[in-house]
Every structure is written in structure tokens, then in C-alpha cells.
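Chain by chain, the residues:
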Amino acid sequence: VNSLGYARISFYDLTNGDLRYAYYTGSAWSFETVDSTGDTGRYTSIALGGSERPAISYYDQTNGHLRYASFDGSTWVKQTVDPDNLTGQFTSLVMNASNQPRISYFDAEDGNLKYAAWLGYWSVQNVATNGVVGMYNAIDVDSGGLARILYYDAGEGLLNYTAYNGTS
């Protein structure tokens, strides 16, 4: 929700295979298509950045990539975050205090939990690699901007927690 308490929602349009965005204006709902290239928009996560502009992480099913879209005030700017094959399922997006995106997501090809951070470019790294880990994840950042991620370990059937300490 924005500062007025109005909902902001990203979702996958199954009928058309598109990433969609819905927002409440205070009196009515409005809808936009964010990305309609191929079958895209699954596993969406939304966060509000600077000036309460929406940003969305999502999976591009056609190309098997993690994607990111942000609204710049007039148009949606879309980027491929991780071009590795079958990466970007189960995305979770948060903005740090500097309004830079941080994304946790699942790499289905390798069965790993991955993390992407915008540093003027996309920095991507493996977080957990033991077994099939990373589905159903959630990310947040602490007051120092360090990532905290909950994720499911399918092999062990456990919910795990990992925290970045600035080094590892």
C-alpha cells in the first residue's frame, strides 16, 4: 500500500500471459499491462520505491529469466536481472533505504536460492546451494541494509533463515 493506504498489486494474467499492475486511486481501480512480451509475469513481487513508484520482480517463462520492471513516472522500464536458464521463480522484492532493489529468487535449473542487488548494475550471487533450496522465499533488509531471507529447503522439508553479515 502507498502512504494513503491505497493498494498496489502486481499479478500474472493467465489468459494473456502478461505481467499486470493494479492500483486503487481512492475511488476506483486502474489496471495496466507492464510486460506482454511472450509468456511473462509469473511469480511476481511488488515494492514501492522512491516517490512511491512501483517496482516489480517477476519470472519470464518464455526465456526462463528473472526480470525487473520499475515505473519511472511515465513508462515502465524493464530489465533482465539474471539471464541464466530457468532462474527467477518464487521472487521476493524489497527496496533498501536508498531505494535500490534487492531480490531473492529460485534457480530451478540448479535448485539454488539466489540473490540480486542493484549496485548501478545487477550483482547476482548464490545464497544457498545444498539440495533443492530457495522456493517460497521472502526477503527483507535490516536497518543496516543487509539482506535477511527465509526460504524452503525441499530436500529436508524445512524453513530456513539466512542473514548476510556484510561479508558472507
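Basis of the calculations
Residues numbered from 1 in each chain as written. Predicted model: local features only at pLDDT ≥ 70, side-chain atom pairs only at ≥ 80, totals over all residues. Heavy atoms only, no water. Helix = DSSP H or I, 4+ residues; strand = E, 2+ residues; numbered from the N terminus. Rg over C-alpha atoms; globule rule 2.2 N^0.38 Å. Buried < 20%, exposed > 50% of the residue type's maximum accessible area, 1.4 Å probe, protein only. Contact = heavy atoms within 4.5 Å. Areas by Shrake-Rupley, 256 points an atom, 1.4 Å probe, with all protein chains shown as cover. Phe/Tyr/Trp six-rings, centres within 6.5 Å; stacked < 30°, edge-to-face > 60°. Pairing = 2+ DSSP bridges. Axes fitted to C-alpha atoms, helices over the stretch in contact; angles between N-to-C directions. 1 Å grid on protein atoms, 1.4 Å probe; cavity = no way out; pocket = protein on both sides within 12 Å on 5 of 7 lines; lining within 4 Å. Points joined across faces, edges and corners; volume = space filled by probe spheres on them. Nonpolar A, V, L, I, M, F, W, Y, C, P; charged D, E, K, R; others polar.

Visitor: Any details on the overall build of the chain? Residues and values, ideally.
Guide: Per the secondary structure count, the chain includes zero helices and 14 strands. Traced from its N-terminal end to its C-terminal end, the chain shows the element sequence β-β-β-β-β-β-β-β-β-β-β-β-β-β. Its C-alpha atoms give the chain a radius of gyration of 16 Å, near enough to 15 Å, the size a compact globule of 168 residues would have. The proportion of buried residues among the 168 residues of the chain is 42%. Long-range contacts, defined here as pairs at least 24 residues apart, represent 29% of the contacts in the chain between residues at least 6 apart. For the chain, the accessible area works out to roughly 8,300 Å², and carbon and sulfur atoms hold 46% of it.

Visitor: Mind laying out the packing of aromatic side chains, listing which residues take part and the relevant values?
Guide: Within this structure, the stated rule accounts for 13 aromatic pairs. The interplanar angle of 50° and the centroid separation of 4.8 Å between the aromatic rings of Tyr 43 and Phe 90 together place this pair among those described as tilted. Taken as a pair, Tyr 43 in strand E4 (residues 40–48) and Phe 90 in strand E8 (residues 87–95) lie far apart in primary sequence, 47 residues in all. A relative accessible area of 15% places Phe 90 in the buried class.

Visitor: Now, about the sheet that holds strand E13 (residues 147–153): what can you tell me, with residues and values included?
Guide: What the three strands build is an open sheet, ordered E12-E13-E14; its pairing is antiparallel. Two strands lie at the open edges of the sheet, namely strand E12 (133–141) and strand E14 (158–163), each paired on one side alone. Each strand axis lies, on average, 20° off the axis of its neighbour in the sheet, ignoring direction. Inspection of the sheet shows E12 paired to E13 by six bridges, in the antiparallel sense. When the bridges of E13 are listed, Ala 138 appears paired with Leu 150.

Visitor: Residues and numbers for the pairing of E4, please.
Guide: Direction of pairing for E4 relative to strand E5 (residues 54–60): antiparallel, over a ladder of six bridges. Along E5, the bridge assignment pairs Thr 40 with Asp 60. Between E4 and E5, which pair antiparallel and follow one another directly, the connecting turn spans five residues, one of which, Ser 51, has a positive phi of 55°.

Visitor: Report on the layout of surface pockets, specifying residues and quantitative values.
Guide: In this approach the atoms are scanned with a rolling probe the size of a water molecule, which exposes any empty space left behind. Space inside the largest pocket adds up to approximately 320 Å³. Taken together, 16 residues make up the lining of the largest pocket; nearest its centre are Tyr 115, Gln 125, Val 127, Ala 147 and Tyr 164. Among the elements of the structure, strand E10 (112–118), strand E11 (122–128), E13 and E14 are those that each provide at least two residues to the lining of the largest pocket. Considering every element that reaches the lining of the largest pocket, the biggest residue donor is E11, with four residues. Looking at side-chain class alone, the lining of the largest pocket contains nine nonpolar, six polar and one charged residues. Approximately 160 Å³ is the volume attributed to the second largest pocket. Surrounding the second largest pocket, 15 residues form its lining, Tyr 68, Ser 70, Met 95, Asn 99 and Pro 101 being those nearest its centre.

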